[in-house]
Amino acid sequence: MTNYKLIYFNVRGRAELSRLILHCAEVPFEDYRIEHSEWPSIKQDMPFRQIPVLEIDNGDGLLAQSNTIARYLAKQHGLAGKDDWERSQADMFIDCVYDLHAGMRPVAREKDPEKQQEVFDKVNEEMIQPHAKKLEQCLIQNGTGFLVGNAVTWADIAYYAYFTTPMMERLGGRVLDGHPHLKKLVEHVGNIPSIKKYIEKRPTTLR
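Residues numbered from 1 in each chain as written. Predicted model: local features only at pLDDT ≥ 70, side-chain atom pairs only at ≥ 80, totals over all residues. Heavy atoms only, no water.

Novice: For this particular structure, what's the right way to read the UniProt feature "domain: GST N-terminal" (unreviewed entry) in the chain?
Specialist: The UniProt entry lists residues 2-81 under the feature "domain: GST N-terminal" (unreviewed entry), expressed in the numbering used here. Counting secondary structure, residues 2-81 comes out at 30% helix and 24% strand; the distance between its end C-alpha atoms is 21 Å. (UniProt positions renumbered as here; feature names shortened; annotations may be inferred. Helix = DSSP H or I, 4+ residues; strand = E, 2+ residues; numbered from the N terminus.)

Below you can see the structure in the form of structure tokens.
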């Protein structure tokens, strides 16, 4: 069995998708969370001087870049799609999730609580709701309850991670109202027993 050590800060951030993939697949791994004060001492040892980093077999391999790590883990553990077409579809949705996260940056930059809600509401109206509507259509068209194929993939998990971030839960608790298929998918992923168990014990963080 491959030994995994996932190195990242003690937040969800860019490592959470990989954590969720590993928990969904019930693959043991070391969830190595560092404090920001520790980062300067290990930064020079990381590929591209960034984290997250996935360490494989006690340092025999180091893999950087969050989506690369998540894609590798999804492929290794049966969550990337069953064939090239499904894998490409999953990749398409992952790129969409990346765009959604990027679109939240103005919200994260605003520190005033009232203004932050206003910025979020604008982002929700202009970006999140149109995309959620499209996802709803995709789910109806696919007809399986999943975005790709007939089983959960890392695309489903990525949307779960996006729609349940601390910021989303604080500012956008009703963003999925009016999108019943998408809401059901997010709830389904959160209720996968191995994911649910992880969430119950997951450290409480601001992001």
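On we go.
Novice: Honestly, the sheet that holds strand β2 (residues 30-34) in this entry has me stumped. Any pointers?
Specialist: The pairing of strands in a sheet comes from backbone hydrogen bonds and takes either a parallel or an antiparallel form. Strand order in the open sheet formed by four strands is β2-β1-β3-β4, with mixed pairing between adjacent strands. At either margin of the open sheet sits one strand with a lone partner, and together these are β2 and β4 (61-64). For this sheet, the mean angle separating the axes of adjacent strands, direction not counted, is 20°. Inspection of the sheet shows strand β3 (residues 53-56) paired to β4 by four bridges, in the antiparallel sense. For valine 53, the partnering residue across the bridge sits in β4 and is alanine 64. Relative to the sheet, helix α1 (residues 16-24) contacts β1 (4-9) and β2, its axis offset from that of β1 by approximately 150°. Across the sheet, helix α3 (residues 66-76) lies against β1, β3 and β4, angled at about 120° from β4, the strand it touches most. (Pairing = 2+ DSSP bridges. Axes fitted to C-alpha atoms, helices over the stretch in contact; angles between N-to-C directions. Contact = heavy atoms within 4.5 Å.)

Novice: Which parts of the structure should I look at to understand the nonpolar core?
Specialist: Nonpolar side chains in soluble globular proteins generally cluster together in the buried interior. In this structure, Ile21, Ile51, Met104, Leu147, Trp154, Ile157 and Phe163 are the most contacted members of the largest nonpolar core, which totals 67 residues. Ranked by residue count, the leading element in this core is helix α7 (residues 154-163), at nine residues. (Core = buried A, V, L, I, M, F, W, Y, C linked by side-chain atoms within 4.5 Å. Buried < 20%, exposed > 50% of the residue type's maximum accessible area, 1.4 Å probe, protein only.)

Novice: Could you clarify how one ought to interpret a negative patch on the surface in this entry?
Specialist: Judged by side-chain charge, Asp112, Glu114, Glu118, Asp121 and Glu125 come together as a negatively charged surface patch. Its location among the elements puts glutamate 114 in helix α6 (residues 113-142). A residue is classified by how much of its surface remains accessible, and glutamate 114, at 64% relative accessible area, is exposed. (Patch = residues over 30% accessible without salt bridge, like charges linked within 9 Å, V, L, I, M, F, W, Y side chains within 5 Å. Areas by Shrake-Rupley, 256 points an atom, 1.4 Å probe, with all protein chains shown as cover. Salt bridge = Lys/Arg side-chain N within 4 Å of Asp/Glu carboxyl O. Lys, Arg positive; Asp, Glu negative; His and termini not counted. Charge placed at Lys NZ, Arg CZ, Asp CG, Glu CD.)

Novice: I'm lost on the packing of aromatic side chains in this one. Help?
Specialist: In this description, an aromatic ring pair is defined by two values, namely the gap between the centres and the angle between the planes. For the coordinates displayed, the defined rule picks out five aromatic pairs. On the basis of an interplanar angle of 75° and a centroid distance of 6.3 Å, the ring pair of phenylalanine 93 and tyrosine 159 is categorised as edge-to-face. Linking phenylalanine 93 in helix α4 (residues 84-103) with tyrosine 159 in helix α7, this pair joins segments that are 66 residues apart in sequence. Both residues of the pair, phenylalanine 93 and tyrosine 159, belong to the buried class. Pairing tyrosine 162 with phenylalanine 163 gives two aromatic rings, centres 5.1 Å apart and planes at 75°, and the pair type is edge-to-face. The residues tyrosine 162 and phenylalanine 163 share a single accessibility class, namely buried. The structure contains a cluster of three or more aromatic residues connected by ring pairs, namely Phe93, Tyr159, Tyr162 and Phe163. The ring of tyrosine 32 has lysine 5 lying over it, and the distance from NZ or CZ to the ring centre is 4.2 Å. (Phe/Tyr/Trp six-rings, centres within 6.5 Å; stacked < 30°, edge-to-face > 60°. Lys NZ or Arg CZ within 6 Å of the ring centre and 35° of its normal.)

Novice: Sorry, what's going on with the side chain of glutamate 136 here?
Specialist: When you line up the elements, glutamate 136 lands in helix α6. The charged side chain of glutamate 136 is buried without a salt bridge, its nearest counter-charge being lysine 184 at 10 Å. Dropping the residues within four chain positions of it, glutamate 136 is found in contact with His179, Pro180, His181 and Leu182.

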